[in-house]
Each structure stands twice: as C-alpha cells, then as structure tokens.
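Examining the three-dimensional arrangement
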Amino acid sequence: MTKPQPFQDIADNLSFLDDWEDRYRYLIELGQALPKLDAGERIDTNKVNGCISQVWLVSDPVETDGAVSLHIRGESDAMIVQGLVAILLALYSDRPAREIAETDAIAIFDELGLREHLTAQRSNGLVAMVNRIRAEARAKMNN
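Every chain begins its residue count from 1, and numbering advances along the sequence as written. In keeping with the model being predicted, local features are shown solely for residues with a pLDDT of at least 70 and side-chain atom pairs are shown and tallied solely at 80 or more, while totals for entire chains, interfaces and linings include all residues. As a rule here, side-chain values cover all heavy atoms of the structure and leave hydrogens and water aside.

Description of the overall build of the protein chain
Counting from the N terminus, the helices are DSSP H or I runs at least four residues long and the strands are E runs at least two residues long. Each helix and strand in the protein chain was counted, giving six helices and three strands. Order of helices (α) and strands (β) in the protein chain, N terminus to C terminus: α-α-β-β-α-β-α-α-α. This radius of gyration counts C-alpha atoms alone. The globule rule is 2.2 Å times how many residues there are, raised to the power 0.38. Taken against the 2.2 N^0.38 rule, which gives 15 Å for 143 residues, the C-alpha radius of gyration of the protein chain at 14 Å falls within 12% of a compact globule. The dimensions of the protein chain, computed from C-alpha atoms along their principal axes, are 45 × 30 × 25 Å. Under the scheme applied here, a residue whose accessible area is under 20% of the maximum for its type counts as buried, over 50% as exposed, and between as partly exposed, the area being computed with a 1.4 Å probe on protein chains only. Residues classed as buried in the protein chain amount to 48% of the 143 residues present. Contacts were defined at the residue level, with two residues in contact if any of their heavy atoms lie within 4.5 Å. By sequence separation, contacts in the protein chain at least 24 residues apart represent 60% of the contacts at least 6 residues apart. Here the open area of atoms and residues is found with the Shrake-Rupley method and a 1.4 Å probe, where only the protein chains shown may cover a residue. On the protein chain, roughly 7500 Å² of surface is accessible, and the fraction owed to carbon and sulfur atoms is 48%. Charged residues are defined here as Lys and Arg on the positive side and Asp and Glu on the negative side; His and the ends of the chain fall outside this count. Every charge is mapped to an atom, namely NZ of Lys, CZ of Arg, CG of Asp or CD of Glu. If you average the places of the 15 positive and of the 23 negative side-chain charges in the protein chain, the two averages end up 5 Å apart.

Dropping the structure here:
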C-alpha cells in the first residue's frame with residue numbers, strides 16, 4: 001500500500017524529532033486534534049479488547065465504484081494512546097478495505113521506531129487496535 005499523505009506527513013514530522021519527549025508531545029498533539037466520538041459511540045461493541053486504556057474504534061463502510069473503503073474514527077481516554085489512534089487513522093482511514101487488510105501497521109510503526117519506547121501494555125494495545133481494524137476490513141471485503 002502506498003502510504004497516504006496524512007500518514008506520510010506524520011512520519012516526516014516524527015523523523016525531525018530526535019528526543020523522545022518531543023515525540024511524546026507530538027503524539028499528544030495529534031491525539032488532541034482528533035474529533036471526539038459521540039457518547040453513543042463509546043459503547044462496548046466499539047471498544048477494543050486488549051487495551052489497558054479505553055479505546056473505541058468506529059468504522060463506516062463507504063462504497064465507491066463497487067469497492068468498499070472504510071472511514072475510521074476513534075478515541076481513547078489516554079493521551080499517548082489517543083495519539084497512536086490518530087496515527088492509525090492517518091494510515092488506514094478512507095482506504096480500500098483490501099489495502100487495510102493487507103497493511104501491517106505494526107511493521108510500519110517499527111520502521112518509524114514508534115514502538116521501541118512504548119510500554120509493553122501500550123504496545124499490546126496497539127497490536128489489538130491494528131488487529132481490530134484489519135479484521136473489520138477483511139469482514140467488509142467478504143460482504
């Protein structure tokens with residue numbers, strides 16, 4: 001998959017930040033810029049299991065010329081995790097379901113060096129979010 005421009009912009013910005021404190025601040029800023037979910041969307045069916053913090057992901061299928069894309073929105077109650085959600089949305093949202101299902105965000109996060117300073121719990125939560133998004137994309141491909 002070609003990396004979408006919003007994600008590439010984030011990757012470029014991260015490449016300029018050598019200090020991890022600066023990277024954490026940038027993650028927090030990305031998360032703060034995300035629109036909040038409606039209260040009715042922060043429900044158990046949208047909650048990501050496997051995250052120590054609370055994370056909700058909502059994916060809305062959009063059909064264009066017979067192909068299904070997913071518009072993904074999300075929110076977390078933890079600032080760093082909210083930033084990770086923002087990066088995942090920049091990578092996956094509004095992409096064809098097939099591309100989402102085939103894209104390993106964990107490998108991309110590792111290329112950027114984003115997981116090396118996450119706690120084990122946050123890293124596990126990131127994997128849970130990626131697995132959830134890719135599973136939803138696979139399910140939409142089969143419908």
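Now that the structure is up, let's keep going.
Considerations on the pairing of strand β1 (residues 55-64)
Each regular strand shows side chains that alternate between the opposite faces of the sheet. DSSP bridges decide pairing: two strands pair if at least two such bridges lie between them. Bridging between β1 and strand β2 (residues 67-76) involves ten bridges; their strand directions are antiparallel. By the bridge assignment for β2, Ser59 is matched with Ile72. Hairpin connection from β1 to β2: two residues lie between these consecutive antiparallel strands, with Asp65 at a positive phi of about 50 degrees.

Concerning the packing of helix α1 (residues 5-15) against helix α2 (residues 20-33)
Convention adopted: a line fitted to C-alpha atoms gives each axis, helices being fitted over their contacting stretch, and angles between N-to-C directions are expressed from 0 to 180 degrees. One way to put it is that α1 packs onto α2 with a least axis distance of 10 Å and a crossing angle of 155 degrees. Regarding the angle of α1 to α2, the classification is roughly antiparallel. You can see that α1 and α2 cross each other, and the crossing is right-handed. Contacts between α1 and α2 pair Asp9, Ile10, Asn13, Leu14 and Ser15 from the former with Arg23, Tyr26 and Leu30 from the latter. Charged residues are taken to be Asp, Glu, Lys and Arg, nonpolar residues to be Ala, Val, Leu, Ile, Met, Phe, Trp, Tyr, Cys and Pro, and polar residues to be all remaining types, Gly included. Its residues placed into classes, the contact of α1 with α2 shows four nonpolar, two polar and two charged. Here is the rule for angles: anything less than 35 degrees is roughly parallel, anything more than 145 is roughly antiparallel, 65 through 115 is roughly perpendicular, and the remaining ranges are oblique. Take the far helix as your reference; a near helix turned counterclockwise from it by less than a right angle gives a left-handed crossing, and one turned clockwise gives a right-handed crossing.

Re the sheet that holds strand β3 (residues 95-96)
Pairing is antiparallel across the open sheet formed by three strands, whose spatial order is β1-β2-β3. At either end of the open sheet lies a strand with only one pairing partner, and these are β1 and β3. The strands touched by helix α3 (residues 79-92) within the sheet are β1, β2 and β3, with β2 carrying the most contacts at an inclination of about 170 degrees.

Brief notes about the nonpolar core
Working definition of a nonpolar core: buried Ala, Val, Leu, Ile, Met, Phe, Trp, Tyr and Cys residues. They are joined through side-chain atoms within 4.5 Å. Val55, Ile87, Leu88, Tyr92, Phe109, Leu126 and Met129 are the most contacted members of the largest nonpolar core, which has 44 residues in total. When contributions to this core are tallied by element, the ones reaching two or more residues are α1, α2, β1, β2, α3, α4 (97-102), α5 (105-111) and α6 (120-141). Take this core: its biggest share by element is eleven residues, from α3. Excluding residues that lie within four positions of it along the chain, Val55 makes contacts with Asn46, Lys47, Val48, Glu75, Ser76, Val81, Val85 and Met129.

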